[in-house]
Amino acid sequence: MTGRRLLLVHAHPDDESIVTGATMAKYAAEGAEVTLVTCTLGEEGEIIPPGLAHLAGDREGGLGEHRIGELDKACFTMGVRDHRFLGGPGRYRDSGMMGAPSNDDPACFWRADVEEAAHELAEIIREVRPDVMVSYDDNGGYGHPDHIQAHRVAKRAFTRAAQRTLPGSPWQTRKLYAIAQPRSVLEESVRRLRAEPGPFTPPASIGDIAPGTPDKLVTTRIDATPYWAAKALAMRAHATQISVEGERFALSNDIAQEISAVEYFILLRGPASRPGPDGFEPDLFA
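Computed from a prediction, not measured in an experiment: that's the story for all the values here.

Scoring rules and cut-offs
- Residues numbered from 1 in each chain as written.
- Predicted model: local features only at pLDDT ≥ 70, side-chain atom pairs only at ≥ 80, totals over all residues.
- Heavy atoms only, no water.
- Core = buried A, V, L, I, M, F, W, Y, C linked by side-chain atoms within 4.5 Å.
- Buried < 20%, exposed > 50% of the residue type's maximum accessible area, 1.4 Å probe, protein only.
- Helix = DSSP H or I, 4+ residues; strand = E, 2+ residues; numbered from the N terminus.
- Contact = heavy atoms within 4.5 Å.
- UniProt positions renumbered as here; feature names shortened; annotations may be inferred.
- Salt bridge = Lys/Arg side-chain N within 4 Å of Asp/Glu carboxyl O.
- Phe/Tyr/Trp six-rings, centres within 6.5 Å; stacked < 30°, edge-to-face > 60°.
- Lys NZ or Arg CZ within 6 Å of the ring centre and 35° of its normal.
- Pairing = 2+ DSSP bridges.

Draft legend 1. Structural view of the nonpolar core. Of all hydrophobic cores here, the largest spans 62 residues; its most connected members are Leu7, Leu86, Phe109, Leu121, Met133, Val134 and Leu284. In terms of residue count, the dominant contributor to this core is helix α3 (residues 114-128) (7 residues). Residues in contact with leucine 121, not counting those within four places in the same chain, are Leu7, Val9, Val37, Leu86, Met133, Val153, Ala154 and Ala157. Among the nonpolar cores identified, the runner-up in size contains 6 residues, and Ala178, Val262, Tyr264 and Ile266 belong to it.

So this is what it looks like as C-alpha cells:
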C-alpha cells in the first residue's frame, strides 16, 4: 500500500524501537511514509557497556552524539528513511528521570515552552502531512518528564496543524494515538518471565516494567509479528541503553522484559474504526 503517512513523536533515541519498532517496520515495509521525530538526544541515559562509560557526562560530543549514530542504525533496520530531531539535534536536552537535578536545566525538554515546541512540530506536520500521529499518554507511559512533555507538545501540535489547514483541503491529520501497554498483557508477560528464568533478573510484578494501561482504555492492537526480527535488531542498535539476549531485553536496571511485535495504542483524537473480532482496531490507518 502507498500514499499513507505516519508520524511518531518520541522523547529519546531507543524509545521508538522498544515500544513502536514493529509497528514502524510493518508500515514502512507496506509502503507507508514513516517519519520519526525525536525530541532529545538522550544525554542523561544510563550507559550499560563498560567500554562506553567514558561517554557519560560529556555535554559536547559525548553520549548524545553517540546516540544519534545508534538511532540512525535503528531507523535503517526498521526501514524508516525520514528521521528528525525536534528543533534540530541538541535543541532540547534530555531532562533525566523525574526529580533529578537535570530537570532544572533551562535547556532541558521538560523546561521547554510547550507552545514554541508545538510550533516547531506543527511545521513538520504541515510539511509531512501525516494521516496518523503517535506519541504518549498524559503520563508519558511511566512518568518520565520528557515523555510527558512529548505528549503535551504532540497534542498541541496536532491541534495547531489542524487550525492552519484550509477548509476543504484534501489533507489533514485525522488521528492521534498514544502508545499503550495493557496491564493484562504485562501480567501475562511477567508470569512467563518468572516461570522460565533466563538472562536478566525476572520482574517481581508489572511495576518493575511499567505502570501499565488499564485494558478498557486500549483501542488498537497492531500485530506486526513478521517484523519481530527488525524490531529486535533496532533495539540491538541502541547498545548504550539496551541489552538484548534472545527474545528478551533489559535496560540498565537489568530487569527482564520480552521483545514483542504486537503493539498497542489508545486513540486520543479522530474517528474510531470498527474493531476486529478481538475487540481491537487492527490498523492505525483504518
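Draft legend 2. Summary view of the environment of aspartate 131. For aspartate 131, the position within the fold is in the loop between α3 and β4 (132-135). For the pair aspartate 131 and glycine 42, spaced 89 residues apart in sequence, the C-alpha separation works out to 28 Å.

Draft legend 3. Local environment of the UniProt feature "binding site: Zn(2+)" (unreviewed entry) in the protein chain. The feature "binding site: Zn(2+)" (unreviewed entry), as annotated in UniProt, sits at His12, Asp15 and His147 in this numbering. These residues run over 136 residues, yet every pair of their C-alpha atoms falls within 9.5 Å of each other. Relative to the elements of secondary structure, aspartate 15 occurs in helix α1 (residues 15-29). The class of aspartate 15 is buried, set by a relative accessible area of 8%. Each residue touching aspartate 15, except ones within four places of it in the same chain, is listed here: His10, Thr20, Tyr136 and His147. Here histidine 147 is to be found in helix α4 (residues 145-163). For histidine 147, a relative accessible area of 3% translates into the label buried.

Draft legend 4. Representation of the pattern of salt bridges within the structure. As enumerated under the stated definition, the model contains 21 salt bridges in all. Note that glutamate 116 is salt-bridged to arginine 91, the shortest N-O span being 2.4 Å. Of this pair, glutamate 116 sits in helix α3 while arginine 91 sits in the loop between β3 (82-85) and α3, and the two are 25 residues apart along the sequence. A salt bridge links glutamate 120 to arginine 91, with the shortest nitrogen-to-oxygen separation between them at 3.8 Å. Taken together, the positions of glutamate 120 in helix α3 and arginine 91 in the loop between β3 and α3 put the pair 29 residues apart, joining distant regions of the chain. Of the residues examined, arginine 91 reaches a relative accessible area of 34% and is grouped as partly exposed. Several salt bridges share partner residues, and in doing so they unite Arg4, Lys26, Glu30 and Asp283 into one network.

Draft legend 5. Structural context of the packing of aromatic side chains. Using the criterion set out here, one finds 4 aromatic pairs in the structure. Ring geometry for tyrosine 264 against phenylalanine 280: centres 5.8 Å apart, planes inclined by 70°, an arrangement best described as edge-to-face. Of this pair, tyrosine 264 sits in strand β10 (residues 262-269) while phenylalanine 280 is found in the segment after β10, placing the two residues 16 residues apart along the sequence. Here tyrosine 264 falls in the buried class, since its relative accessible area comes to 11%. Taking the ring centre of phenylalanine 285 as reference, the NZ or CZ of arginine 4 above it sits at 4.6 Å. Positioned over the ring face of tyrosine 27 is lysine 26, at 5.4 Å from the centre of the ring.

Draft legend 6. Layout of the sheet that holds strand β9 (residues 257-258). Taking strand neighbours across the sheet as the criterion, the 3 strands line up as β7-β8-β9 in an open arrangement whose pairing is antiparallel. This sheet does not close on itself; its edge strands, each paired only once, are β7 (243-245) and β9. Across 2 bridges, strand β8 (residues 248-250) lies against β9 in antiparallel orientation. Residue phenylalanine 249 lies in a different strand from β9, and its bridge partner there is glutamine 257.

Draft legend 7. Representation of unusual backbone geometry in the model. Positive phi outside glycine occurs at arginine 129, with the angle close to 60°. For arginine 129, the location among the structural elements is in the loop between α3 and β4. In this structure, aspartate 254 is a non-glycine residue whose phi angle is positive, near 65°.

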